Amino acid sequence: MEIEFLGGTSEIGRSAVLVNGSLLLDFGMSTDNPPRLPVGDPDPEAVVVSHGHLDHAGAVPALLSGDSRPPIHWTPPTRELTTTLARDTLKLHGGSYRCPFTEAELQRLTQVSREHGYRETFEAAGHEVTLFDAGHIPGSAHVLVDDGDARLLYTGDFHTDDQRLVSRTTARPDVDVVVCESTYSDVQHDDRAGVEERFVRSVETTLWEGGTVVVPAFAIGRTQEMLLICEAYDVPCYVDGMGQGVTEMLRRHPTFVRDPDALRRAKSHARFVTGRDGQRRRIADQGAAIVTTSGMLTGGPAMTYVPEIRTNPTNKLTFTGYQVEGTPGRELLETGRTEIDGRIMPVSARIESYDFSAHADREGLLGFLSTYEKTTLLVNHGDRCGAFAAELCEDGYDARAPGLGETITVPSTPARR
Ligand SMILES: [Zn+2]
């Protein structure tokens, strides 16, 4: 088996792995402007998408240019999320050289889409492929690929602890090689229940004081997780931005969420913001919690709320995930000021950050990999892949971190020859 790394090596963004020159796993893009795509200009026979996040699925429509029509295999939520993200990309970049695909290419997704549930084996470009629940976001999958000689597990993004929205990964199929994400290879998450309680106490305190809390959250996964928490603790909240549509969509796929009933309650508990007639300004004055995109203040309705609430120190801004370097969110966390619409804005509202990660931490990764002591490990999707691979080698694993464009050959298993 030949595994070619076209992106996502020693970085988070533009994930893509080509197996045996014909089966492409993921085709993501970076969040830079202009976005960066995987290298190598692949023309695969078939594609499997692990989950509907920009860095794994963002550039998928670009594979449908010219006469290329490879079938695209995924779970139903991943298809919907990929389509939602692609529409957003067209809105942001459409018509400019920055846009990796056209409206026509996006339209073709429906012709080539092949939907699968978890643990249903299917054929793709001459390989046997099975998806397993990865516990990251609804529809997220580990991808098992069998080419008759060797078996590969491509982990995609995964979580080894339960979240309110999705349950943890449990599948550990027997394989010859694992391509493993390593986003949090040097981080230990705090206990989730403790993080929830601190978050809720902080939001409630601000609301009692008459302040407003802006809760920037990613549209996919995080927004729904925050709504579930607000419902569970009876914190009054609004929801705004792309996370609204995603919440409605997930209600149509109850088998891909942990507790469909809880999601239904969370959706009716939250008040949806239409943004009509200055509604956002009124809400910002009202003493409420507002869960809104974008999670790192790179756009979305959050950009309306932050200027509205920033001057009053009773108000609060609570980040719900990691802030990537160079984003307004990171700048605000580090300096207490950020640039919005070309204006530098100092923020007197209190700023806090909570780790509601959807990825395994170091302990989770090591626990997952302990099943694969005799297996070749290829570490990707992180900013310290080489260091993590070296640490795994010290622990007796056969691990390495492939470089961008590198091809790894996996010998066939003797028992299978
Ligand atoms: Zn992801």
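None of the values given here were measured: they were computed from a predicted structure. (Residues numbered from 1 in each chain as written. Predicted model: local features only at pLDDT ≥ 70, side-chain atom pairs only at ≥ 80, totals over all residues. Heavy atoms only, no water.)

All right, on to the nonpolar core then. Ranked by internal contacts, the top residues of the largest apolar core, which has 35 residues, are Phe-199, Val-203, Ile-220, Met-226, Leu-227, Val-235 and Phe-356. Those elements that provide at least two residues to this core are α2 (76–93), α5 (192–208), β12 (213–216), α6 (222–232), β13 (237–240), α7 (243–251), α8 (260–269) and β15 (289–292). Apart from residues no more than four positions distant in its own chain, Val-203 is found in contact with Val-213, Val-235 and Ala-289. Of all hydrophobic cores here, the second largest spans 27 residues; its members include Ala-46, Ala-124, Leu-131 and Val-145. (Core = buried A, V, L, I, M, F, W, Y, C linked by side-chain atoms within 4.5 Å. Buried < 20%, exposed > 50% of the residue type's maximum accessible area, 1.4 Å probe, protein only. Helix = DSSP H or I, 4+ residues; strand = E, 2+ residues; numbered from the N terminus. Contact = heavy atoms within 4.5 Å.)

The next point concerns the side chain of His-136. For His-136, the location among the structural elements is in the loop between β8 (127–133) and β9 (141–146). Separated by 2.8 Å, the side chain of His-136 and the backbone oxygen of Ala-358 make a polar contact. Every residue in contact with His-136, bar those within four places of it in the chain, is listed here: His-51, His-53, Asp-157, Phe-158, His-159, Gln-163, Val-166, Ala-358 and His-359. (Polar contact = N/O pair within 3.5 Å; in protein donor to acceptor, adjacent residues only side chain to side chain.)

Our next topic: helix α13 (residues 385–394). Restricting attention to buried positions, one finds in α13 the residues Cys-385, Phe-388, Ala-389 and Leu-392. Along the axis of α13, the buried positions cluster into a sector of 100 degrees, meaning they face one direction only. The inward-facing, buried residues of α13 abut α12 (362–369), β20 (376–380) and β21 (398–400). (Arc of directions from axis to C-beta.)

In this chain, Thr-293 is followed by Ser-294 through a cis amide linkage whose omega measures 0 degrees. Tracing the backbone through its elements, the reader meets Ser-294 in the loop between β15 and α10 (302–309). Positive phi outside glycine occurs at Arg-119, with the angle close to 65 degrees. Among the secondary structure elements, Arg-119 is positioned in the loop between β6 (113–115) and β7 (122–124). With a relative accessible area of 55%, Arg-119 lands in the exposed category. Notably, His-381 is not glycine yet its phi reads approximately 50 degrees, a positive angle.

As enumerated under the stated definition, the model contains 24 salt bridges in all. Across the pair Asp-240 and Arg-280 runs a salt bridge whose closest N-O atoms are separated by 2.6 Å. One end of the pair, Asp-240, is in strand β13; the other, Arg-280, is in helix α9 (residues 279–284), with 40 residues separating them in the sequence. Its salt-bridge partner being Glu-352, residue Lys-316 comes within 3.7 Å of it at the nearest N-O pair. With Lys-316 in strand β16 (residues 316–319) and Glu-352 in strand β19 (residues 350–353), this residue pair connects regions lying 36 residues apart in the sequence. Classification of Lys-316 as buried rests on a relative accessible area of 3%. Each of the salt bridges in this network shares a partner with another, and the network as a whole consists of Glu-11, Arg-14, Asp-32 and Arg-36. (Salt bridge = Lys/Arg side-chain N within 4 Å of Asp/Glu carboxyl O.)

Once that is clear, we can look at the packing of α7 against α8. The contact between α7 and α8 brings their axes to 10 Å, and the two run at 145 degrees. For the element pair α7 and α8, the recorded crossing hand is left-handed. Where α7 abuts α8, its residues Thr-247, Glu-248, Leu-250 and Arg-251 lie against Pro-260, Leu-263, Arg-264 and Lys-267. (Axes fitted to C-alpha atoms, helices over the stretch in contact; angles between N-to-C directions. Left-handed = near helix turned anticlockwise from the far one by under 90°.)

All right, on to the coordination of the zinc ion then. Coordination of the zinc ion by the protein comes from His-51 (NE2), His-53 (ND1), His-136 (NE2) and Asp-157 (OD), over a distance range of 2.3 Å. Each of the four donor atoms around the zinc ion contributes to a set of angles spanning 89 to 169 degrees, which defines the coordination as irregular. For the zinc ion, the donor residues sit on a single chain with the sequence spacing H-x1-H-x82-H-x20-D. Of the two residues, His-53 sits in the loop between β4 (46–48) and α1 (54–57) while Asp-157 sits in the loop between β10 (151–154) and β11 (177–181), which places them 104 residues apart along the sequence. Here His-53 and Asp-157 have matching classes, each one buried. (Donors = N, O, S within 2.8 Å, 3.2 Å for Na, K, Ca; no water. Tetrahedral: all angles 85-135°; square planar, octahedral: opposite > 155°, others 65-115°.)

All of the buried residues along α10 are Ala-302, Met-303, Tyr-305, Val-306 and Ile-309. All buried residues of α10 project into a common sector of 160 degrees when viewed along the axis, lining one side. Contact partners of the buried residues in α10: β12, β13, α9, β15, β16 and β17 (337–340).

When you line up the elements, Thr-110 lands in helix α4 (residues 109–112). For the pair Thr-110 and Arg-79, spaced 31 residues apart in the sequence, the C-alpha separation amounts to 9.0 Å. A distance of 3.0 Å separates a polar side-chain atom of Thr-110 from the backbone oxygen of Gln-107.

Within the fold, Asp-234 resides in the loop between α6 and β13. Relative accessible area serves as the criterion here: at 58%, Asp-234 is assigned to the exposed category. For Asp-234 and Arg-198, which are 36 residues apart along the polypeptide, the C-alpha to C-alpha distance reads 15 Å.

Strand order in the open sheet made by the seven strands is β6-β5-β4-β3-β2-β1-β22, with mixed pairing throughout. Looking at the sheet topology across the chains shown, the edges are occupied by β6 and β22 (407–409). This sheet shows a mean twist of 25 degrees between the axes of neighbouring strands, independent of strand direction. By the bridge criterion, four bridges tie strand β1 (residues 2–7) to strand β2 (residues 16–19) in an arrangement that is antiparallel. From the neighbouring strand, Gly-7 faces β2, where its bridge partner is Ala-16. This element, α2, spans β5 (72–74) and β6 of the sheet and lies at about 120 degrees to β5. (Pairing = 2+ DSSP bridges.)

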